[in-house]
Amino acid sequence: MRIIDAHIHTNFAYESAGVHARELGVTFSWEALQKEMKENNIAGALIITTDHHAPTPAESDILIGQREKDPRLFPICSIHPDYTDKRHLTAIELLLKKKAIFGIKIFPGYHPVYPSDKRFFPFYELAGKYGVPVIIHTGDTFGSDNLVKYSHPLDVDEIAVKFRKTIFILAHLGNPWVRDAAELVYKNENVYADLSAFCISHPEHNEVKRIADDIKFAISYSARPDKFLYGSDWPLTSMKPYINVIKRAVPKKFHQQIFFDNANRVFKLGLQ
Ligand SMILES: [Zn+2]
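Model, not experiment: these values are computed from the prediction.

Here's the deal with the overall build of the chain
Looking only at helices and strands, the chain has 10 helices and 8 strands in total. In summary, the chain has a C-alpha radius of gyration of 17 Å against a globular reference of 19 Å for 272 residues, a match within 12%. On the principal axes, the C-alpha backbone points of the chain span a range of 50 × 40 × 40 Å. Within the span of the chain, comprising 272 residues, buried residues form 61% of the whole. Within the chain, contacts between residues separated by at least 24 positions form 77% of all contacts whose residues are at least 6 apart in sequence. By element, 54% of the accessible surface of the chain is carried by carbon and sulfur atoms, the whole surface being about 11,900 Å². Within the chain, one finds 34 positive and 32 negative side-chain charges whose respective centroids are separated by 7 Å.

What follows is the structure, given as structure tokens:
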């Protein structure tokens, strides 16, 4: 099966990502990425800002440069809440106009800022205008220095209602607040979720059933298999074992949608 991975990170110069990846047994390099994509039949991948400290439009040069080398890679640039003035908005609009980026991302939890913070509003408006999704980090954070009250998925309800024309993707399905995230997907036409990074804090084999139960619940409660996207969060897991975990979690009849069609449609990737 051909797969679109809707959530990976590729700033190979960002050292702490490389260190974490190594601890998890993953090589964080361009060559390793190419190899894992080939072995796992990855037809496309959304490459997302790795370093959330980088100013808006975060890592745009790196990500766009990588797309020039490999057209299967689709850049997603993040917005830093301290760099949200007119200049930064104009920079993002220019990238959207050139179709150089396929969406934007914010990192609540990693930044002590709610998704409903007004500084982000003009960017949500812009995403709606250009028809690209906004990915929002939701759920647990990597490392205990961050504040997870900001990354609880429920706050996204406010902006989903306020910006109806903008699509919001709950990264990590709000894990462990999966029920709250499922409610948002059910209630709001414009809220989607990706299924990345469920294994990072719980790699033990006996956790696979709990992960499958959570994901099955969300799909069945929302009754919207058209709004869930496969994603890995590579390099924080290697691709193959994670694909297998999510294949077990997603009912087989939804594999084509969740592993390929939904991401292709919502990010307008145009992959065949
Ligand atoms: Zn990620």
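Side note on unusual backbone geometry
With an omega of -5 degrees, the peptide bond between Thr-56 and Pro-57 qualifies as cis. Turning to its location among the elements, Pro-57 is positioned in the loop between β2 (42–48) and α3 (60–69). Looking along the chain, the bond that leaves Asn-175 and enters Pro-176 is cis, with omega of 10 degrees. Looking at the element boundaries, Pro-176 is found in the loop between β6 (168–171) and α7 (178–187). The phi angle at His-172 is positive, at roughly 65 degrees, despite the residue not being glycine.

Let's talk about the coordination of the zinc ion
The coordination sphere of the zinc ion contains the protein donors His-7 (NE2), His-9 (NE2) and Asp-233 (OD), at a distance range of 2.1 Å. Ordering the donors of the zinc ion by residue number gives the pattern H-x1-H-x223-D. Placement of His-9 in strand β1 (residues 3–9) and of Asp-233 in the loop between β8 (228–229) and α9 (239–249) is noted, with a sequence separation of 224 residues between them. A relative accessible area of 9% means that His-9 is categorised as buried. Residue classification places Asp-233 among the buried positions, given a relative accessible area of 5%.

With respect to the sheet that holds strand β7 (residues 191–194)
Across a sheet, paired strands are connected by hydrogen bonds in the backbone, their directions being either parallel or antiparallel. Spatial strand order, β1-β2-β3-β4-β5-β6-β7-β8: 8 strands in an open sheet with parallel pairing. Single-partner strands in this sheet number two, and they are β1 and β8. Here 3 bridges tie β6 to β7, and the two strands are oriented parallel to one another. Each residue of the ladder has a partner; that of Leu-170, found in β7, is Ala-193. Across the face of the sheet, α3 comes into contact with β2 and β3 (73–78) while running at roughly 170 degrees to β3.

Quick look at the packing of α7 against helix α8 (residues 208–222)
Between α7 and α8, whose axes approach to 8 Å, the crossing angle comes to 25 degrees. With respect to α8, the axis of α7 lies roughly parallel. Where α7 crosses over α8, the two elements pack in a sense that is right-handed. Packed against α7, whose contacting residues are Val-178, Arg-179, Ala-182, Glu-183, Val-185 and Tyr-186, the element α8 presents Asp-214, Phe-217, Ala-218, Tyr-221 and Ser-222 at the interface.

Topic: the pairing of strand β5 (residues 134–137)
Here β5 shows a buried face lined by Val-134 and Ile-136 and a second buried face lined by Ile-135 and His-137. One ladder, built from 3 bridges, connects strand β4 (residues 104–106) with β5; its direction is parallel. The residue bridging Ile-104 from the neighbouring strand is Val-134, located in β5. Since β4 and β5 lie parallel, the crossover through helix α5 (residues 121–130) that links them has a hand, and here it is right-handed. Crossover β5 to β6 through helix α6 (residues 156–162) is right-handed.

Some remarks on the side chain of His-88
Examined against the element boundaries, His-88 turns out to sit in helix α4 (residues 86–97). If near-sequence neighbours (up to four positions away) are discounted, His-88 is found in contact with Thr-56, Tyr-83 and Phe-123.

The rules behind these values
- Residues numbered from 1 in each chain as written.
- Predicted model: local features only at pLDDT ≥ 70, side-chain atom pairs only at ≥ 80, totals over all residues.
- Heavy atoms only, no water.
- Helix = DSSP H or I, 4+ residues; strand = E, 2+ residues; numbered from the N terminus.
- Rg over C-alpha atoms; globule rule 2.2 N^0.38 Å.
- Buried < 20%, exposed > 50% of the residue type's maximum accessible area, 1.4 Å probe, protein only.
- Contact = heavy atoms within 4.5 Å.
- Areas by Shrake-Rupley, 256 points an atom, 1.4 Å probe, with all protein chains shown as cover.
- Lys, Arg positive; Asp, Glu negative; His and termini not counted.
- Charge placed at Lys NZ, Arg CZ, Asp CG, Glu CD.
- Donors = N, O, S within 2.8 Å, 3.2 Å for Na, K, Ca; no water.
- Pairing = 2+ DSSP bridges.
- Axes fitted to C-alpha atoms, helices over the stretch in contact; angles between N-to-C directions.
- Parallel < 35°, antiparallel > 145°, perpendicular 65-115°, else oblique.
- Left-handed = near helix turned anticlockwise from the far one by under 90°.
- Right-handed = clockwise from strand over helix to strand, strands pointing away.

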